[in-house]
Amino acid sequence: MVFGLSDGTKYGRIGLWRYKEKVEFDTAMELQRRGVWTVPVLGWGKRGLDSFLLTEYIPPSGNLEEIWKGARLCPNKRKKFTSAIVTFVSSLSKARVNHTDLHPDNIIITNSDD
């Protein structure tokens with residue numbers, strides 16, 4: 001889009017949006033800097049109006065609800081699971097992160113001890 005500059009004599013082209021994947025890349029890098037675990041990001045790129053985010057492969061292991069259903073029946077698994085969720089959410093708070101879209105589908109569960 002073209003807008004007049006404040007002095008009224010020149011015009012400039014101003015982008016009104018940023019690439020979503022660039023924002024996600026920058027956010028992940030900042031979270032990692034603050035000590036919050038994220039899927040390791042390798043980079044981002046764009047081609048025309050399309051963009052992409054490149055991350056390390058994380059093997060699928062189910063969503064939060066599915067894993068909770070299995071963990072809640074076993075006291076040891078339930079304790080480990082809830083402790084991991086509390087630790088993660090606590091790390092967000094300690095890093096002063098205000099996650100505006102935190103929901104079960106936005107939490108990645110792995111089979112590791114991370």
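Being a predicted model, the structure only gives us computed values, none of them experimental.

Caption draft 1: Looking closely at the overall build of the protein. A count of helical and extended segments in the protein gives 3 helices and 4 strands. Going from the N terminus to the C terminus, the protein shows its helices and strands as β-β-α-β-β-α-α. Counting over 114 residues, the protein shows a buried share of 18%. Roughly 9200 Å² of accessible area belongs to the protein as shown, and the carbon and sulfur atoms make up 55% of that amount.

Caption draft 2: View of the packing of helix H2 (residues 64–71) against helix H3 (residues 75–94). With their axes 8 Å apart at the nearest point, H2 and H3 run at an angle of 145 degrees to one another. In contact with Leu64, Ile67, Trp68 and Ala71 of H2, H3 contributes Lys77, Arg78, Phe81, Thr82 and Ile85. Among the residues forming the contact of H2 with H3, the class breakdown is 6 nonpolar, 1 polar and 2 charged.

Caption draft 3: Up close: the pattern of salt bridges. Applying the stated criterion to the full structure yields 5 salt bridges. Notably, a salt bridge pairs Lys20 with Glu24, separated by 3.0 Å at the nearest N-O pair. With a gap of 4 residues between them, Lys20 and Glu24 both fall in helix H1 (residues 20–33), about one helical turn apart. Across the salt bridge formed by Glu30 and Arg33, the nearest N and O atoms sit 2.6 Å from each other. Placement of both Glu30 and Arg33 in helix H1 is noted, with a separation of 3 residues, approximately one turn of the helix. Classification of Arg33 by relative accessible area gives exposed; the value is 63%. Three or more residues joined by partner-sharing salt bridges are found here, namely Glu30, Arg33 and Arg34.

What counts and how
- Residues numbered from 1 in each chain as written.
- Predicted model: local features only at pLDDT ≥ 70, side-chain atom pairs only at ≥ 80, totals over all residues.
- Heavy atoms only, no water.
- Helix = DSSP H or I, 4+ residues; strand = E, 2+ residues; numbered from the N terminus.
- Buried < 20%, exposed > 50% of the residue type's maximum accessible area, 1.4 Å probe, protein only.
- Areas by Shrake-Rupley, 256 points an atom, 1.4 Å probe, with all protein chains shown as cover.
- Axes fitted to C-alpha atoms, helices over the stretch in contact; angles between N-to-C directions.
- Contact = heavy atoms within 4.5 Å.
- Nonpolar A, V, L, I, M, F, W, Y, C, P; charged D, E, K, R; others polar.
- Salt bridge = Lys/Arg side-chain N within 4 Å of Asp/Glu carboxyl O.

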